[in-house]
Amino acid sequence: MKISFYILSESKAQDFLGFVCQLTQTALNKSDQSLLILVEDKALLSDLDTALWAHDATSFIPHQCLLDNQTDIDMAASKSMTPVLLGNHMPADFNGIVLNTTAHPVNDFMVATSNAKPSRVLELIKPDTASTQAGRDKYKAYQQSGYELTHFKV
């Protein structure tokens, strides 16, 4: 599994929703896989839901929000209808790209799900103390698991 850390500048962090939409669109353009945006904060989930529908003045990013208890979905059907999922958990058998906005490594979500094996993880690190520390902790956890790690300052 490839893990990419995106270290956000102050300006990108201030437009966090815009950056998530931009990164989501880029990931969709470069891959035919589904994308799961992991979000624990209900307010952020709602804001992202709205932002993805209004990402561009002439288009939107099709997506669906997972219900808290919805772990078993047909990933093939979901990809053809809505390439992006938003939720606080990982569906069973998920094998696409994960954009992680939480303070926890994706491994924590994989343990709670049967047969989930994401192909790639995109980690977002904001320029604040809590996010930076969580990013360091996640980096160490991924490094110990032997994943391929890259980072980008944006």
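Residues numbered from 1 in each chain as written. Predicted model: local features only at pLDDT ≥ 70, side-chain atom pairs only at ≥ 80, totals over all residues. Heavy atoms only, no water.

Here the focus is the pattern of salt bridges. All chains considered together, the criterion is met by one salt bridge. The salt bridge partner of Glu123 is Lys138, with a shortest N-O separation of 2.5 Å. On the criterion of sequence distance, the pair formed by Glu123 in strand 6 (residues 120–125) and Lys138 in helix 6 (residues 129–144) is long-range, its members being 15 residues apart. For Glu123, a relative accessible area of 0% puts it in the buried group. The exposure class of Lys138 is buried, given its relative accessible area of 1%. (Salt bridge = Lys/Arg side-chain N within 4 Å of Asp/Glu carboxyl O. Helix = DSSP H or I, 4+ residues; strand = E, 2+ residues; numbered from the N terminus. Buried < 20%, exposed > 50% of the residue type's maximum accessible area, 1.4 Å probe, protein only.)

With a phi angle near 65 degrees, Asp93 is a residue other than glycine that sits in the positive phi range. Structurally, Asp93 is set in the loop between strand 4 (84–87) and strand 5 (97–100). Judged by relative accessible area, Asp93 falls into the partly exposed class, the value being 39%.

Moving on: the confidence of the model for the protein chain. Per-residue pLDDT for the protein chain averages 89, and the proportion of residues at 70 or more is 90%. Across residues 74–80, confidence stays below pLDDT 50; counting only partners more than four residues off in sequence or on other chains, it has 14 contacts. (pLDDT = per-residue confidence, 0-100. Contact = heavy atoms within 4.5 Å.)

Moving on to helix 6. Here helix 6 is 16 residues long and its end C-alpha atoms lie 23 Å apart, about the 22 Å a rise of 1.5 Å per residue gives. Every buried residue belonging to helix 6 is among Ser131, Ala134, Gly135, Lys138 and Tyr142, and all of these are buried. Each buried residue of helix 6 lies within a common arc of 105 degrees when the element is viewed along its axis, so the set occupies one face. Exposed residues pointing more than 90 degrees away from the buried face of helix 6 are listed as Thr129, Arg136 and Gln144. Where helix 6 is buried, its residues meet strand 1 (2–7), strand 5, helix 5 (106–111), strand 6 and strand 7 (148–153). If you check the start of helix 6, you find a side-chain oxygen 3.2 Å away from the backbone N of Ala130, and it comes from Asp128. Trailing helix 6 by a residue or two, Gly146 shows a phi angle of about 80 degrees, which is positive. (Expected span 1.5 Å × (residues − 1). Arc of directions from axis to C-beta. Polar contact = N/O pair within 3.5 Å; in protein donor to acceptor, adjacent residues only side chain to side chain.)

Moving on to the nonpolar core. Proteins that are soluble and globular tend to have nonpolar side chains buried together. By size, the foremost hydrophobic cluster in this structure holds 24 residues, and its most contacted members are Leu35, Ile37, Leu99 and Leu124. Among the elements of the structure, helix 2 (16–30), strand 2 (35–38), helix 3 (42–53), strand 4, strand 5 and strand 6 are those that each provide at least two residues to this core. With seven residues, helix 2 is the single largest residue contributor to this core. With residues up to four places along the chain from it excluded, the contact list for Leu124 reads Tyr6, Phe16, Phe19, Val20, Leu23, Leu99, Asn100, Thr101 and Ser131. Counting residues in hydrophobic clusters, the runner-up holds 17 residues, among them Leu38, Leu85, Met90 and Leu149. (Core = buried A, V, L, I, M, F, W, Y, C linked by side-chain atoms within 4.5 Å.)

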